[in-house]
Amino acid sequence: MSNTWTNCEGLTRRDGLKLGLGGLIGGGLSGALSAQARASEGSGSRHKNAQADACILVWMDGGPSHYETFDPKPDAPVEIRGSYQPIATQTPGIQFAQPMQKMAAISDDLAIVRSIRHDQGNHGAGNHYMMTGAPPRIPVGCGAFVSFHPSLGSVVSKEIGAPHGIPAYFSLPRMSRSGGPNFLGSKYAPFVVPDDPNRSSFRVRDVTIPTGLTDGRFSSRQQIRQRIDTMMRFNDASVADPTLAVDEFYQQSLQIISSKEAQAAFDIHQESDAIRDAYGRNPFGQQALLARRLVGAGVPFVTLYSGGWDHHVDIFNALDKKLPPFEATVAALISDLKEQGMLERTLVVVLGEFGRTPKINERGGRDHWSNAMSVVFAGGQTPGGQVIGATDRQGYAAVERVLSPENFVSTIYEKLGIDPGQMMYTGEGRPTHLVSDATPITELMS
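The structure contained in this document is the topic of the report that follows. Note that the coordinates shown come from a computational prediction; the quantities given were computed from them, not determined experimentally.

**Here's the deal with the overall build of the protein chain**
Here is step 1 of the chain: Summing up its helical and strand segments, the protein chain has 13 helices and 16 strands in all.
Here is step 2 of the chain: Here the analysis covers contacts within the protein chain between residues at least 6 apart in sequence; of these, 71% occur between residues at least 24 apart.
Here is step 3 of the chain: Only carbon and sulfur atoms are counted for the fraction: they give 50% of the accessible area of the protein chain, which is about 17700 Å².

In structure tokens form, the structure reads like this:
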């Protein structure tokens, strides 16, 4: 059925969706707010010695090469070491790959983990393992979008909750393959902002009052309810008619679209030209700036999604174009958080699902490789200027301080004050560990 039909007052179903009243479909605002009402301030299991209030997870979908980023191997044969030379960083004794100029300049704020490895070498499985800390229960296809366990963001949404009027978990500009809530339920799914903040016309969906509805006709609660109540209702729960969620939560939606404080969190145009230029005048750069604004407004978890890191072909020409603006944006995010006094309580993590093969293939690319990868941590009281673990001389495998996705996920939970060893319960009441090995990476804890 089309969403464009109108009621007899001339209010279309699409207008209702734009008002945030139909957001239960696709992670919209009303669904997020109703979740917030049910979850409120979280489950109360957050411990008092949390080292961070929020996490920005920069997700490099496809699997970035550890060789060309944070684990160069200058002594390896050319078919392994590739085209880039290592460069010195701000931290004596630590080298990054040649394109990582801006990140090298702030290395004292970074902790590089070079020794996480796992056995899930395709995108679907690798995404799931790193996003949840749980390997998939059954074999999955390489391109699969699977959910057998709640994602980091969904758990944080449940355990911490969010400030009044703002969802707890955002994903920009899309949800990652395994970024959903699984048995926690749709109320802990991310609020996705697909629009491009680099556009001068940027507005967040479900937050802006639709054009033509701003003349005061809908200023009163009674008038809004009167018009929405005349819409057709589908009472069968299996239909999931979005208007059924309006009765309890439309007032919250109205509050956020009329709240100056809430609107300010999304108004990226308030930022100076200098700040916007530093992040990069491109979609990813401005999404990173929006992530900083959301964290500043009290949002505890933001996934900043960057796709296109699956370089099976012509990797060096691709990275010549892709890496400089990407790493400049991440460096700007970390530096800006520090300048704003937010870095100490904001954890920034940069990773993908795995690394890339040691030997450059016949097409000039690198293939999937889960035996070695690099993960960057900054902020959240993480001791900087250090490298944890190591791969062998040619980068084939993690060989020193070998760590798992479980260790990685447990670290984020511990940083945020969430017990990674707690028991959770599925919708059927089945108990399950949040993380099976709830051991954080001690070098990253202050």
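**Topic: the packing of helix α6 (residues 152–160) against helix α13 (residues 405–415)**
Here is step 1 of the chain: Following both chains from N to C, one finds α6 and α13 inclined at 25 degrees, their axes separated by 11 Å at the closest point. The pairing of α6 with α13 is recorded here as roughly parallel in orientation. In this structure, α6 crosses over α13, and the sense of that crossing is right-handed. Along the contact surface, α6 presents Leu152, Val155 and Val156, while α13 presents Phe408, Val409, Ile412 and Tyr413.

**Section: the sheet that holds strand β12 (residues 386–388)**
Here is step 1 of the chain: Strand order across the open sheet formed by eight strands is β6-β5-β7-β1-β8-β11-β4-β12, with mixed pairing between neighbours. In this open sheet, the two edge strands, each paired with only one partner strand, are β6 (191–192) and β12.
Here is step 2 of the chain: Bridging between strand β1 (residues 54–60) and strand β7 (residues 301–306) involves six bridges; their strand directions are parallel. Each residue of the ladder has a partner; that of Trp59, found in β7, is Tyr305.

**What about the nonpolar core?**
Here is step 1 of the chain: The biggest cluster of nonpolar side chains holds 54 residues, and the ones touching the most others in it are Val58, Phe96, Met103, Leu110, Phe170, Leu172 and Ile334.
Here is step 2 of the chain: Looking at which element gives the most residues to this core, the answer is helix α12 (residues 315–339), with 11 residues.
Here is step 3 of the chain: When residues no more than four places from it in sequence are discounted, the contact partners of Phe170 are Pro190, Phe191, Val193, Phe266, Leu294, Val299, Phe301, Val302 and Thr303.
Here is step 4 of the chain: Counting 38 residues, the second largest nonpolar core, distinct from the first, contains Val113, Val155, Leu403 and Leu444.

**Focus: the pairing of strand β11 (residues 375–379)**
Here is step 1 of the chain: The buried fraction of β11 is high, at five of five residues.
Here is step 2 of the chain: Alignment of strand β4 (residues 110–113) against β11, held across four bridges, turns out to be antiparallel. What sits directly across from Ala111, in β11, is Phe377.
Here is step 3 of the chain: Bridge analysis of strand β8 (residues 346–351) against β11 gives four bridges, and the strand direction is antiparallel. If you follow Val348 over to β11, its bridge partner there is Ala378.

**A look at the pattern of salt bridges**
Here is step 1 of the chain: Under the defined criterion, the tally for this structure stands at 14 salt bridges.
Here is step 2 of the chain: Put simply, Asp53 and Arg345 hold a salt bridge, and the shortest N to O gap is 2.9 Å. Taken together, the residues span a long stretch of sequence, with Asp53 in the loop between α2 (29–39) and β1 and Arg345 in the loop between α12 and β8 at a distance of 292 residues.
Here is step 3 of the chain: Overlapping salt bridges, with partners in common, bring together Glu271, Arg292, Arg293 and Asp336 in one network.

**Quick notes on the packing of aromatic side chains**
Here is step 1 of the chain: Counted according to the given criterion, the structure contains nine aromatic pairs.
Here is step 2 of the chain: Here the aromatic rings of Tyr84 and Phe316 are separated by 5.5 Å at their centres, their planes lie at 85 degrees, and the arrangement is edge-to-face. Of this pair, Tyr84 sits in the loop between α3 (78–81) and β2 (86–88) while Phe316 sits in helix α12, and the two are 232 residues apart along the sequence. Grouping residues by exposure puts Tyr84 and Phe316 together as buried.
Here is step 3 of the chain: Centre to centre, the rings of Trp369 and Tyr396 are 6.4 Å apart; their planes meet at 80 degrees, and the pair counts as edge-to-face. Separated by 27 residues along the polypeptide, Trp369 in strand β10 (residues 368–369) and Tyr396 in the loop between β13 (390–391) and β14 (398–400) bring together distant segments of the chain.
Here is step 4 of the chain: Put simply, the rings of Phe170, Phe191 and Phe266 pair up and form one aromatic cluster.
Here is step 5 of the chain: The aromatic ring of Trp309 is capped on one face by Lys322, whose charged end is 4.9 Å from the ring centroid.

**Some details on α12**
Here is step 1 of the chain: Look at α12: 34 Å from first C-alpha to last across 25 residues, which is about the 36 Å you get at 1.5 Å a residue.
Here is step 2 of the chain: Bending of α12 peaks at approximately 35 degrees at the position of Lys322, with proline Pro324 no more than four residues after it.

**Quick look at the packing of helix α5 (residues 123–132) against α13**
Here is step 1 of the chain: Where α5 meets α13, the axes come as close as 7 Å, and the angle between the chain directions of the two elements is 40 degrees. Taken together, the axes of α5 and α13 are oblique relative to one another. Residues Tyr129, Met130 and Thr132 of α5 lie in contact with α13, whose contacting residues are Pro405, Glu406, Phe408 and Val409.

**Some words on the environment of Ala332**
Here is step 1 of the chain: Mapping Ala332 onto the fold places it in helix α12.
Here is step 2 of the chain: Assessed through its relative accessible area of 13%, Ala332 is described here as buried.
Here is step 3 of the chain: For the pair Ala332 and Ile106, spaced 226 residues apart in the sequence, the C-alpha separation amounts to 9.7 Å.
Here is step 4 of the chain: Not counting the four nearest positions on each side in its chain, Ala332 is found in contact with Ala278 and Tyr279.

Rules used in this analysis
- Counting restarts for each chain, with residues numbered from 1 along the sequence as it is written.
- In view of the model being predicted, local features appear only for residues whose pLDDT reaches at least 70, and side-chain atom pairs are presented and counted only at 80 or more, with totals across whole chains, interfaces and linings using the full set of residues.
- To obtain the side-chain values, all non-hydrogen atoms of the structure were included, while hydrogens and water were left out.
- Runs of H or I in DSSP of at least four residues are treated as helices and runs of E of at least two as strands, each being numbered from the N terminus.
- By definition, residues are in contact when any of their heavy atoms lie within 4.5 Å.
- Accessibility throughout is a Shrake-Rupley quantity obtained with a 1.4 Å probe, and a residue counts as covered only by protein chains that appear here.
- Helix axes are fitted to C-alpha atoms over the stretch in contact, other axes to C-alpha atoms as well, and angles between N-to-C directions run from 0 to 180 degrees.
- Our angle categories are set so that under 35 degrees counts as roughly parallel, over 145 as roughly antiparallel, 65 to 115 as roughly perpendicular, and the remainder as oblique.
- The crossing is said to be left-handed when, going from far helix to near helix, the turn is anticlockwise and less than a right angle, and right-handed when the turn is clockwise.
- Between any two strands, pairing holds if DSSP finds at least two bridges.
- In this text, buried Ala, Val, Leu, Ile, Met, Phe, Trp, Tyr and Cys residues form a nonpolar core when linked through side-chain atoms within 4.5 Å.
- Under the scheme applied here, a residue whose accessible area is under 20% of the maximum for its type counts as buried, over 50% as exposed, and between as partly exposed, the area being computed with a 1.4 Å probe on protein chains only.
- By definition here, a salt bridge exists when the distance from a side-chain nitrogen of Lys or Arg to a carboxyl oxygen of Asp or Glu is within 4 Å.
- Whether two aromatic rings pair depends on their centres lying within 6.5 Å, for rings of Phe, Tyr and Trp, where Trp uses its six-membered ring; planes under 30 degrees apart make the pair stacked, over 60 edge-to-face, and the rest tilted.
- Two thresholds decide whether a charge sits over a ring: the Lys NZ or Arg CZ must be within 6 Å of the ring centre and within 35 degrees of the ring normal.
- A helix is expected to span 1.5 Å for every residue after the first.
- One axis is fitted to the seven residues ending at the residue and one to the seven starting there. The bend at that residue is the angle between these axes.

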